[in-house]
Amino acid sequence: MRGRKPRPTTLQIAEGDPRKLGVHKLEKKAGAEAKAARGLPKCPKHLKGAARKAWRFWSEELEAMNLDARPDAMMLEGACVAYQAAVECYEVILKQGRLVAKRILDPETNKLVVANVKPNPAVAQMNAAWMLLKAFCSEFGLSPVSRTRLAVEKPPADEDDLMAILSQPRDRRQQQPGEVIQ
């Protein structure tokens, strides 16, 4: 699929129908969409260490944002695994350094000398894990940018009252003798 990802229908309704499709069409579309069961399952047993901590933290946050859905459990698991991989690679880099020196034996002096310096492979793995984690977090609304996209301003209370009055059905007037109702 090319182009932008489609925005959730409920978000389009809450934003005030920016594409001007019509609120009734959007509400009909939202009613036809599949609804996921709320609540995430318990943390998978195979997640250990940083991944388990991330699961606990993110599941609580998703529940607070009303975004915890059972079908998303495997996506959240992927985010937790990516987080743990990024942390482990970071620890390897701290221990070994960002650069790895290739050493060879100099035949003249019979000592090891540095022949080539390359980036540590853990740097590329860590960067890939962080990019994967960023993609997962964007899907869940766990990054600052994706949370701003989810933010919806509520209309002031006085506008709600006006809309309630305007949306009420009108009472029919009784026709007086000799009066013409247009």
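Notes on the structure follow. (Residues numbered from 1 in each chain as written. Predicted model: local features only at pLDDT ≥ 70, side-chain atom pairs only at ≥ 80, totals over all residues. Heavy atoms only, no water.)

### What about the overall build of the protein?
Okay, step 1: Helix and strand counts for the protein come out as seven helices and two strands.
Okay, step 2: Going from the N terminus to the C terminus, the protein shows its helices and strands as α-α-α-α-β-β-α-α-α.
Okay, step 3: Entry remark: accessible area of the protein is about 14700 Å², with carbon and sulfur atoms responsible for 56%. (Helix = DSSP H or I, 4+ residues; strand = E, 2+ residues; numbered from the N terminus. Areas by Shrake-Rupley, 256 points an atom, 1.4 Å probe, with all protein chains shown as cover.)

### Section: a nonpolar patch on the surface
Okay, step 1: Together, Leu99, Val114 and Val117 line one region of the surface with nonpolar side chains, adding up to about 280 Å² of accessible area.
Okay, step 2: Structurally, Leu99 can be placed in strand E1 (residues 99-106). (Patch = residues over 30% accessible without salt bridge, like charges linked within 9 Å, V, L, I, M, F, W, Y side chains within 5 Å. Salt bridge = Lys/Arg side-chain N within 4 Å of Asp/Glu carboxyl O.)

### Regarding the side chain of Asp68
Okay, step 1: If you trace the backbone, Asp68 turns up in the loop between helix H3 (50-64) and helix H4 (73-96).
Okay, step 2: Among the polar contacts made by the side chain of Asp68, one reaches the side chain of Arg38 at a distance of 2.6 Å.
Okay, step 3: Apart from the residues within four sequence positions on either side, Asp68 is in contact with Ala37, Arg38, Gly39, Leu40, Leu62 and Glu63. (Polar contact = N/O pair within 3.5 Å; in protein donor to acceptor, adjacent residues only side chain to side chain. Contact = heavy atoms within 4.5 Å.)

### Quick notes on unusual backbone geometry
Okay, step 1: Although it is not a glycine, Asn110 adopts a positive phi angle of roughly 60 degrees.
Okay, step 2: Mapped onto the elements of the fold, Asn110 is located in the loop between E1 and strand E2 (111-119).

Read these as spatial facts, not as claims about activity.
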